[in-house]
Amino acid sequence: MSTTIKVKIFPDNPDGQMINVPDDSTYEDLLNIMDINQELVILLNDGKAVPIDDIVVEGTVTILKAISGG
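Below is a summary of the structure that appears in this document. Since we're looking at a predicted model, the values are computed, not measured. (Residues numbered from 1 in each chain as written. Predicted model: local features only at pLDDT ≥ 70, side-chain atom pairs only at ≥ 80, totals over all residues. Heavy atoms only, no water.)

Some points on the pattern of salt bridges
Proximity of charged atoms lets side chains of opposite charge pair with each other.
Thought 1: The full count for this structure, using the stated rule, is one salt bridge.
Thought 2: Between Lys 65 and Asp 12 there is a salt bridge, and its shortest N-O distance comes to 2.6 Å. On the criterion of sequence distance, the pair formed by Lys 65 in strand E5 (residues 60–65) and Asp 12 in the loop between strand E1 (2–10) and strand E2 (13–22) is long-range, its members being 53 residues apart. (Salt bridge = Lys/Arg side-chain N within 4 Å of Asp/Glu carboxyl O. Helix = DSSP H or I, 4+ residues; strand = E, 2+ residues; numbered from the N terminus.)

Quick look at the sheet that holds strand E3 (residues 41–45)
Thought 1: With respect to topology, five strands assemble into an open sheet ordered E2-E1-E5-E3-E4, the strand pairing being mixed. At either end of the open sheet lies a strand with only one pairing partner, and these are E2 and strand E4 (48–49).
Thought 2: By the bridge criterion, five bridges tie E1 to E5 in an arrangement that is parallel. Its bridge partner lying in E5, Ile 9 is registered against Ile 63. (Pairing = 2+ DSSP bridges.)

Some words on the environment of Leu 40
Thought 1: Mapped onto the elements, Leu 40 comes out in the loop between helix H1 (27–33) and E3.
Thought 2: Excluding anything up to four places from it in sequence, Leu 40 contacts Leu 64, Lys 65 and Ala 66. (Contact = heavy atoms within 4.5 Å.)

Describing the side chain of Asn 45
Thought 1: As for its placement among the helices and strands, Asn 45 is situated in strand E3.
Thought 2: By relative accessible area, which is 7% here, Asn 45 ends up buried.
Thought 3: With sequence-adjacent residues up to four places away left out, Asn 45 is seen in contact with Tyr 27, Val 50, Val 57, Glu 58, Gly 59, Thr 60 and Val 61. (Buried < 20%, exposed > 50% of the residue type's maximum accessible area, 1.4 Å probe, protein only.)

Shown next, in the form of structure tokens:
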């Protein structure tokens, strides 16, 4: 079985995409699947912050990437 979620990535993909992840996957697993460094993002599910070790639940996951510059 798997869980289907919508993932929006800011600033790269604000419209989002649908992704299936295996049941009992964590948000860390999701980031690994998407090849995103967990230390450079903030994760939200339906607008609420989620710990990286929580199990992914259905909803809209927003990944906010840190942007740096000078």
